[in-house]
Amino acid sequence: MTIKMRKVGAGLIGLLTTLAVVGGSAPSAMADETNSTAPPPKVELILDVSGSMKANDAGGMTRIDAAKKAFNEVVDGVPEPADFGVRVLGATYPGNDKAKGCVDTQQLAPVGRPNKVVIKNEIAKLQPTGWTPIALSLREAAKDLGTGTGTRRIVLITDGEETCAPPDPCDVARELAASGLNLVVDTLGLVPDENTRRQLSCIAEATGGTYTSVLNADELSQKVQQIVKRAVREVDETPAPVKGSPNGCQDAPLLAPGVYSDREEFGQHLWYKVPVKPNQELRATATVGADRKVARDYDVTVTAFGEDGRELVGNAGAGNGRTDVQSAGFRYPYKTDNDHAKTKTVCLVVTNAFAAQPNVATKPGLPLELTVDLVKATDSKAANVHGLGRGWVFLGVLAGFGLISGLLAGWLRRAFKALGKAMS
Amino acid sequence: MTAIRTMRRALAAVAAAFVGVTLFAGAAAADQDVPPGTTFLAAGTLKLGQDARWSASQGEYLYWQFPAKAGKEIHAKVDLDLASGNARTGPVTYRIEIYDGLRRRQPCVEGKQVATAQKSDTKLALTCVPRVVRDWAEPWSTDPLPGMYFVRIAAMDVPDLDAGAAVKVAVRVDTEDGDDQVPTSDRKLADPLVPISKAGAVLKSGQTADTRSVAWDQEEDHWYQWDWMDGPNARWFWTAMATFVAVVFGILGYQLTRKKRHWFS
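Residues numbered from 1 in each chain as written. Chains lettered and ligands numbered in written order. Predicted model: local features only at pLDDT ≥ 70, side-chain atom pairs only at ≥ 80, totals over all residues. Heavy atoms only, no water.

Undergrad: Quick question: what am I supposed to make of the side chain of Gln58 of chain B here?
TA: Position of Gln58 of chain B among the secondary structure elements: in the loop between strand E3 (52–57) and strand E4 (61–68). Relative accessible area serves as the criterion here: at 2%, Gln58 of chain B is assigned to the buried category. (Helix = DSSP H or I, 4+ residues; strand = E, 2+ residues; numbered from the N terminus. Buried < 20%, exposed > 50% of the residue type's maximum accessible area, 1.4 Å probe, protein only.)

Written as structure tokens, this is what we have:
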């Protein structure tokens, strides 16, 4: 009976443990309460309606039909609370005059909550016509998305490369990303050829976006919806723009905890300052993006200096090969028992050892994301344990040797006694 | 404590075997779309012990994050489904990397971190096991500490023509109790490495900022653990107790020899 009861008990505990393991295996860490006042993400789609979209090779339909089909699905599925707009390029001018063909881009629907009926009607009317002025369309789309905080995403859908260069759309994209607008360009190549792939990859890389090649309407629709959803999910606050000082600590901006974005040129040192109160721990990370072709090996170093120039702590992250970013981070605890300790100003310097490849623009600088955090300080030195022990094994060993010594002492005593008796 | 842990594991295993088996299997096998982010800041949140699936494009950088506590060993595993031969022009190399809450790369001490798929291969599996998470480290050290971790999956090398092709990604992270021999320091990190995500603000000269309290669901399932005995002072207690026990056993041993016994006959 008792055994049975025990079994049931064990089973119950087991079940509870199972539940705990299943249900509680993911201790969720909420970084901060998400700020719901963040503005809605803005997304603008740019659709190429140039002559080449007539080609009948997108999964059994023409490219433009595939794009239209996908667009209708996307418009139906725009999630709350995204603002959504549409722009077209090469939609109106059929002639051969480059000057006219290369300004042929119009906004089909303004950025806001989409009016599905209107957008669908407009899309239905589109006919593949003209040139492919990608660079200009990107510039115009960036204007459409406006200024202010919040994330901005441009989704560029095209089947061919720029036909109006210069300027190179890749350089234009990098320039736009550097303008402090939190702008990302995702590119989609519809049945793309080699040059188109290269150009679209370059645009995506320059802005931290993604490049995807799609072959039919379904893939296109799925990918665009994925990108729009992602834009909505990533609605978290956007980094605050800041300008680090290249001249040293004294001119550096004083930073509160948070995420910042900046630009750092090749080989530049950028300085920032953080006031650290007693018993606060400074945690900082620096992430430098490789938004263009760079040499194979690179590193990023972030170091903390005291105001007197002493190096407090630092970390270097090195890497090689194809990458989007290289990061480094450190923690600096300012732990003190002194009640009269004063606030310390910690100077933070971010350096990078990226090397630009020949023929690659060196300006604007590389995107730099800096995070600064102040939390409770932890002791920076290991505890002095004075050679003391801890734990059950330690206790067991001592107890075991105690027993052995007791037994030995007892036997020795008896042996001596016996010896004494024998002698007398 | 190891004994208790083992006992708990055994209990859980027994329960899973005959009571909770369907529940456990059902929950553990539930796949779900967990969107990765394209940056550290936007990393998608992984549930430990669950597969996350995603259709990505070749050449994309995928970031997920997950929590890990002190004493845990992280096991990260990625399965990639690549487009079949005709859609690809050459071999592609993928790499999995684990970064800690300070975005420092943590080396994989076990597992296949880099793998190349030849043109004919459609499957690729990567694994990474970084060092066991410590409970404390000196500021200069890059030892893994409790907090959020990032897993980053990306193609290291992809032919120009294959960029943007579809690739299906399944990622799974488990954390297991690590080796008990992890060096302990009698210290604990006051707050786990949970990255800040709010936008920064530039201060005026002379201003200071408040300490952020890191919200971290501690999920105290160790009700039997004697927390009050942690920390540097615990060693005094342990040593005193062990000495006392040793003395008691010493006296006991001595007493055993007092009476005449036939020990070995």
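Undergrad: Quick question: what am I supposed to make of the packing of aromatic side chains here?
TA: In this description, a pair of aromatic rings is defined by centroid distance and the angle of the planes. In this structure the tally under the stated criterion is 7 aromatic pairs over all chains. Ring centres 5.1 Å apart and planes at 85 degrees place the aromatic pair Trp392 of chain A and Trp238 of chain B in the edge-to-face group. Placement of the pair is Trp392 of chain A in helix H9 (residues 392–423) and Trp238 of chain B in helix H3 (residues 234–256), with the two residues belonging to separate chains. Residue Trp238 of chain B is classed as buried on the basis of its relative accessible area of 8%. Ring centres of Phe66 of chain B and Tyr149 of chain B lie 6.1 Å apart, and the angle between their planes is 20 degrees; on these two criteria the pair is classed as stacked. Taken as a pair, Phe66 of chain B in strand E4 and Tyr149 of chain B in strand E11 (residues 147–157) lie far apart in primary sequence, 83 residues in all. Each member of the pair Phe66 of chain B and Tyr149 of chain B is classed as buried. Taken together, the ring pairs connect Phe40, Tyr63, Tyr99 and Phe150 of chain B into an aromatic cluster. A cation sits over an aromatic face here: Lys344 of chain A above Tyr334 of chain A, 4.5 Å from the ring centre. (Phe/Tyr/Trp six-rings, centres within 6.5 Å; stacked < 30°, edge-to-face > 60°. Lys NZ or Arg CZ within 6 Å of the ring centre and 35° of its normal.)

Undergrad: When you look at the sheet that holds strand E9 (residues 258–264) of chain A in this model, what are you seeing that I'm missing?
TA: Each strand in a sheet pairs with its neighbour through backbone hydrogen bonds, running either in the same direction (parallel) or in the opposite one (antiparallel). Residue and element names in this part refer to chain A. Spatially, E7-E9-E16-E11-E14 is the arrangement adopted by the 5 strands of the open sheet, whose pairing is mixed. Only two strands of the sheet have a single neighbouring strand rather than two, namely strand E7 (240–241) and strand E14 (325–334). In this structure, E7 lies alongside E9, joined through 2 bridges in parallel fashion. Note that in E9 the partner of Pro241 across the bridge is Ser261. (Pairing = 2+ DSSP bridges.)

Undergrad: Looking at this structure, how should I read the interface of chain A and chain B?
TA: Where interface size is given, it is often the accessible area lost as the parts come together that is meant. Taken together, the contacts link 109 residues of chain A with 116 residues of chain B. Overall, the association of chain A and chain B removes approximately 9400 Å² of surface from exposure, summing both partners, and the carbon and sulfur fraction of that is 58%. Along the contact surface separating chain A from chain B lie 8 salt bridges. Note that Glu60 of chain B and Arg230 of chain A form a salt bridge whose closest N and O atoms lie 3.3 Å from each other. Taken together, chain A and chain B are joined by 44 residue pairs in polar contact (both at pLDDT 80 or more). Considering each element in turn, the side of chain A that touches chain B owes the most residues, 14 residues, to H9 of chain A. Its residues assigned to classes, the side of chain A that touches chain B comprises 48 nonpolar, 37 polar and 24 charged. Sheet topology places strand E8 (residues 254–255) of chain A next to strand E13 (residues 202–203) of chain B; 2 bridges connect them, and they run antiparallel. (Contact = heavy atoms within 4.5 Å. Buried area = accessible area lost by both parts, 1.4 Å probe. Salt bridge = Lys/Arg side-chain N within 4 Å of Asp/Glu carboxyl O. Polar contact = N/O pair within 3.5 Å; in protein donor to acceptor, adjacent residues only side chain to side chain. Nonpolar A, V, L, I, M, F, W, Y, C, P; charged D, E, K, R; others polar.)

Undergrad: It is not clear to me how the UniProt feature "transmembrane region" (unreviewed entry) in chain A should be interpreted in this structure. Could you clarify?
TA: Using the residue numbers shown here, the UniProt feature "transmembrane region" (unreviewed entry) corresponds to residues 391–412 of chain A. What you have in residues 391–412 of chain A is 95% helix and 0% strand, and the ends, taken at the C-alpha atoms, are 32 Å apart. (UniProt positions renumbered as here; feature names shortened; annotations may be inferred.)

Undergrad: So what exactly am I meant to see when it comes to the packing of helix H2 (residues 63–76) of chain A against helix H8 (residues 217–233) of chain A here?
TA: When two helices pack together, you describe them by how their axes are tilted relative to each other and by the distance separating the axes. All names here are of chain A. Two elements in contact, H2 and H8, have axes separated by 8 Å at closest approach and are oriented at 35 degrees. Crossing angle aside, the handedness with which H2 passes H8 is right-handed. On H8, the residues that touch Ala66, Ala67, Lys69, Ala70, Glu73 and Val74 of H2 are Ala217, Asp218, Leu220, Ser221, Val224 and Gln225. Residues of the contact of H2 with H8, tallied by class, amount to 7 nonpolar, 2 polar and 3 charged. (Axes fitted to C-alpha atoms, helices over the stretch in contact; angles between N-to-C directions. Left-handed = near helix turned anticlockwise from the far one by under 90°.)

Undergrad: How should I be thinking about the state of the cysteines in this particular structure?
TA: Throughout this description, disulfide means a covalent bond between two cysteine sulfur atoms. Residues and elements named next belong to chain A. Under the counting rule described, the total for this entry stands at 4 disulfides over all chains. The side chain of Cys102 participates in a disulfide bridge whose partner is Cys164; the two sulfur atoms lie 2.0 Å from each other. The S-S bond linking Cys102 to Cys164 shows a torsion near -85 degrees; that makes this disulfide left-handed. With a gap of 62 residues between them, Cys102 in the loop between helix H3 (98–101) and strand E3 (105–112) and Cys164 in the loop between strand E4 (152–158) and helix H6 (169–177) connect regions that are remote in the sequence. Note on accessibility: Cys102 and Cys164 belong to one class, buried. Here Cys170 is linked by a disulfide to Cys202, with a sulfur-sulfur distance of 1.8 Å. On the sign convention where negative means left-handed, the S-S torsion of about -80 degrees between Cys170 and Cys202 marks this disulfide as left-handed. In this pair, Cys170 sits in helix H6 while Cys202 sits in helix H7 (residues 194–207), placing the two residues 32 residues apart along the sequence. When its relative accessible area of 2% is taken as the criterion, Cys170 is described as buried. With its bonded cysteines labelled in order along the sequence, chain A shows the pairing 1-2, 3-4, 5-6. (Disulfide = S-S within 2.5 Å.)

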